[in-house]
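Below are the chains, spelled out letter by letter.
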Amino acid sequence: MAKNADEQGESVMGYFRPILRENPKLLEERSNAELYQRWLHDHPNETTIPERVRNGLSNLKSLMRRGLETRKDGEQAGAANAGAAPAARPAQKTGAGFAVLEEQIDDCLGFAKHLDREGLEDVIRLLREARNGLVRKIHQ
């Protein structure tokens, strides 16, 4: 990459999604070291992995794993109900707006942790719940 992803307005999930699709073995690996190394290489101004990048990658891997499981389950269910019409999937909400909102919540979460992790414990918990609720909403 010539420019770093943030300069291009790319989200954390937007950065990692194509990498994980190209290399599905990375999706199954527990360690993210290889992905973090690639991120640092593509973001030369950074010396450490920001918390929002760690959280975004963890969320994306979880969602993609769940998507693979759902697809496998769906294929099996489809075979059992060969004559039945497939269930209609609800219309997708504006994914781009939700992704931006998720990233902003991640930024707030990181800032709250940096500001006063113990004193803002309740706020941090609520921000996590909000982010997780949004992720569930995006992938309903």
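The following paragraphs examine the structure supplied in this document. (Residues numbered from 1 in each chain as written. Predicted model: local features only at pLDDT ≥ 70, side-chain atom pairs only at ≥ 80, totals over all residues. Heavy atoms only, no water.)

Next up on the list: the packing of aromatic side chains. A full pass over the atoms with the stated rule returns one aromatic pair. Consider the rings of Y15 and F16, whose centres lie 4.8 Å apart with planes at 85 degrees: the pair is edge-to-face. Considered together, Y15 and F16 belong to a single accessibility category, that of buried residues. The ring of Y36 carries the charged tip of R54 above its face, separated from the ring centre by 4.7 Å. (Phe/Tyr/Trp six-rings, centres within 6.5 Å; stacked < 30°, edge-to-face > 60°. Buried < 20%, exposed > 50% of the residue type's maximum accessible area, 1.4 Å probe, protein only. Lys NZ or Arg CZ within 6 Å of the ring centre and 35° of its normal.)

Right, let's talk about the nonpolar core for a bit. F16, L20 and L35 are the most contacted members of the largest nonpolar core, which has 18 residues in total. Contributions of two or more residues to this core are made by α1 (12–22), α2 (24–28), α3 (33–42) and α4 (51–80). The leading source of residues in this core is α1, at six residues. With near-sequence residues (within four places) excluded, L20 lies in contact with L26, L27, L35, L57, L60, K61 and M64. Judged by nonpolar contacts, the second largest core, of eight residues, contains F98, L109, I124 and L127. (Core = buried A, V, L, I, M, F, W, Y, C linked by side-chain atoms within 4.5 Å. Helix = DSSP H or I, 4+ residues; strand = E, 2+ residues; numbered from the N terminus. Contact = heavy atoms within 4.5 Å.)

What follows deals with the packing of α1 against α3. Orientation of α1 relative to α3, taken along the N-to-C sense of each, is 125 degrees, at an axis distance of 12 Å. By the criterion of interaxial angle, the relationship of α1 to α3 is oblique. As for the relative orientation of α1 and α3, their crossing is right-handed in sense. Listed contacts from α3 to Y15, F16, I19 and L20 of α1 are L35, R38, W39 and D42. The residue makeup of the contact of α1 with α3, split by class, is six nonpolar, no polar and two charged. (Axes fitted to C-alpha atoms, helices over the stretch in contact; angles between N-to-C directions. Parallel < 35°, antiparallel > 145°, perpendicular 65-115°, else oblique. Left-handed = near helix turned anticlockwise from the far one by under 90°. Nonpolar A, V, L, I, M, F, W, Y, C, P; charged D, E, K, R; others polar.)

What follows deals with a negative patch on the surface. Taken together, the side chains of D116, E118, E121 and D122 define an acidic patch exposed on the protein surface. Assignment of secondary structure puts E118 in the loop between α5 (95–116) and α6 (121–138). (Patch = residues over 30% accessible without salt bridge, like charges linked within 9 Å, V, L, I, M, F, W, Y side chains within 5 Å. Areas by Shrake-Rupley, 256 points an atom, 1.4 Å probe, with all protein chains shown as cover. Salt bridge = Lys/Arg side-chain N within 4 Å of Asp/Glu carboxyl O. Lys, Arg positive; Asp, Glu negative; His and termini not counted. Charge placed at Lys NZ, Arg CZ, Asp CG, Glu CD.)

The next thing to look at is empty space enclosed by the protein. Taken as a whole, this structure holds two cavities of 30 Å³ or more when the rule is applied. By volume, the largest cavity amounts to about 80 Å³. What lines the largest cavity is simply S11, V12, M13, R52, G56, A99, E102, E103 and D106. Contributing elements (two or more residues each) for the lining of the largest cavity: α1, α4 and α5. Ranked by the residues each element gives to the lining of the largest cavity, the list is headed by α5, at four residues. (1 Å grid on protein atoms, 1.4 Å probe; cavity = no way out; pocket = protein on both sides within 12 Å on 5 of 7 lines; lining within 4 Å. Points joined across faces, edges and corners; volume = space filled by probe spheres on them.)

A separate point is α3. Those residues of α3 not exposed but buried are L35, Y36, W39 and D42. Buried residues of α3, seen end-on, are gathered within an arc of 125 degrees and therefore sit on one face of the element. The exposed set on the far side of α3, more than 90 degrees from its buried face, consists of Q37 and H41. (Arc of directions from axis to C-beta.)

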